[in-house]
Amino acid sequence: MSDLSKATLLKQGAEAKIYVIDFLGKPCIVKERFQKTYRHPDLDKSLTAQRTKSEIRSMLRCRTNGIRTPVIYFVDQIKNLIYMEYIQDSVTVRDYVTAIQNNPDGDTHLLEALMQKVGSTLATMHEKNIIHGDLTTSNMLLRNPPEELNLILIDFGLGYIENLAEDKGVDLYVLERAFLSTHPNTEALFELLLQSYAKDYGKGAVEVLRKLDEVRQRGRKRTMVG
Ligand SMILES: Nc1ncnc2c1ncn2[C@@H]1O[C@H](COP(=O)(O)OP(=O)(O)OP(=O)(O)O)[C@@H](O)[C@H]1O
Ligand SMILES: [Mg+2]
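Residues numbered from 1 in each chain as written. Chains lettered and ligands numbered in written order. Predicted model: local features only at pLDDT ≥ 70, side-chain atom pairs only at ≥ 80, totals over all residues. Heavy atoms only, no water.

For the record, the criterion: UniProt positions are given in the numbering used here, feature names are shortened, and annotations may be inferred rather than shown by experiment.
As annotated in an unreviewed UniProt entry, the protein carries the name non-specific serine/threonine protein kinase and comes from Lingula anatina. Taken directly from UniProt, the Subunit (unreviewed entry) text for the protein runs: "Component of the EKC/KEOPS complex composed of at least GON7, TP53RK, TPRKB, OSGEP and LAGE3; the whole complex dimerizes." Quoted straight from UniProt, the Sequence similarities (unreviewed entry) entry for the protein says "Belongs to the protein kinase superfamily. BUD32 family."

### Here's the deal with the sheet that holds strand E9 (residues 151-153)
So the rule is basically this: Two strands qualify as a pair provided that DSSP identifies no fewer than 2 bridges between them. Numbering of helices and strands runs from the N terminus, with a helix taken as a DSSP run of H or I at least four residues long and a strand as a DSSP run of E at least two residues long. Any pair of residues with heavy atoms lying within 4.5 Å of one another is described as a contacting pair. Every angle, taken between N-to-C directions, lies between 0 and 180 degrees, and every axis is a line fitted to C-alpha atoms, over only the stretch in contact when it is a helix.
Strand order in the open sheet formed by 3 strands is E6-E8-E9, and the pairing between neighbours is antiparallel. Whereas interior strands pair on both sides, the edge strands pair on one side only; in this sheet they are strand E6 (91-92) and E9. In terms of strand pairing, E6 meets strand E8 (residues 140-142) through 2 bridges, oriented antiparallel. Bridging from a neighbouring strand, threonine 92 pairs with leucine 141 of E8. Together, E8 and E9 form the strand contacts of helix H3 (residues 108-127), whose direction differs from that of E9 by roughly 45°.

### Points about the pattern of salt bridges
Condition: Note on definitions: salt bridges are taken to be side-chain nitrogens of Lys or Arg within 4 Å of carboxyl oxygens of Asp or Glu. Relative accessibility decides the category of a residue: with a 1.4 Å probe and only protein chains considered, values under 20% of the type maximum give buried, values over 50% give exposed, and everything between is partly exposed.
Under the counting rule described, the total for this entry stands at 18 salt bridges. Here arginine 143 and glutamate 85 are joined by a salt bridge, their closest N and O atoms 3.2 Å apart. Placement of arginine 143 in the loop between E8 and E9 and of glutamate 85 in strand E5 (residues 81-85) is noted, with a sequence separation of 58 residues between them. Using a relative accessible area of 31% as the deciding quantity, one classes arginine 143 as partly exposed. Classification of glutamate 85 as buried rests on a relative accessible area of 15%. Of the charged contacts, one joins glutamate 214 and lysine 211 as a salt bridge, the two residues approaching to 3.8 Å between their closest N and O atoms. With glutamate 214 and lysine 211 both in helix H6 (residues 205-225) and 3 residues apart, the pair spans about one turn of that helix.

Here it is as structure tokens:
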């Protein structure tokens, strides 16, 4: 497609480089998964291809079920590139929560509403049996203006389809760990997220939250032993 050596590098994550280009007149992100030199080249190739495939599949499944993810414009399966809608002027939920927390006049009601929004979005996602696999507040964007809480989920490279309560519980556990360590003193806020998740998920939520509790306890035991 285009020559990425001339494209603007927006971010370099742990897994991928994020470029910004113009795609047929539209602002576009190109996500390029780069080679990991510590992995065997064959294994690296197949893992990269698999992640690209998982990402596209989960994003499409989200979009067909009303969960916002960037529109996919084009996929290069040879070079493992995903061309997708660039959510311009967006802010990650991570940066937004940090900004509100650090502002003495920060709107705590807005923070609560955001937690509810995240909870209900994840409920819809899990109801459709989509497991994200890497839920963190950096993998959630808010379209500008952020107060409108227009939430967009990204980074589905570890995503898959599964109907097991255990997998959904682990998905929430990953988020809980990331959330509480990134944003101090947010236990009550995370509880709001879970309440909203439970309310919107309906009957199946009890089982998922029970699994979440089990995984937490396993985590605690591991910490005590280790
Ligand atoms: N479609 C998009 N629109 C706007 N910004 C984006 C988009 N996709 C990714 N980004 C930005 O690039 C960052 C990294 O993207 P992504 O999470 O998909 O890659 P990653 O390699 O897994 O990164 P990390 O290791 O940091 O999680 C995001 O946190 C976000 O700030
Ligand atoms: Mg990410």
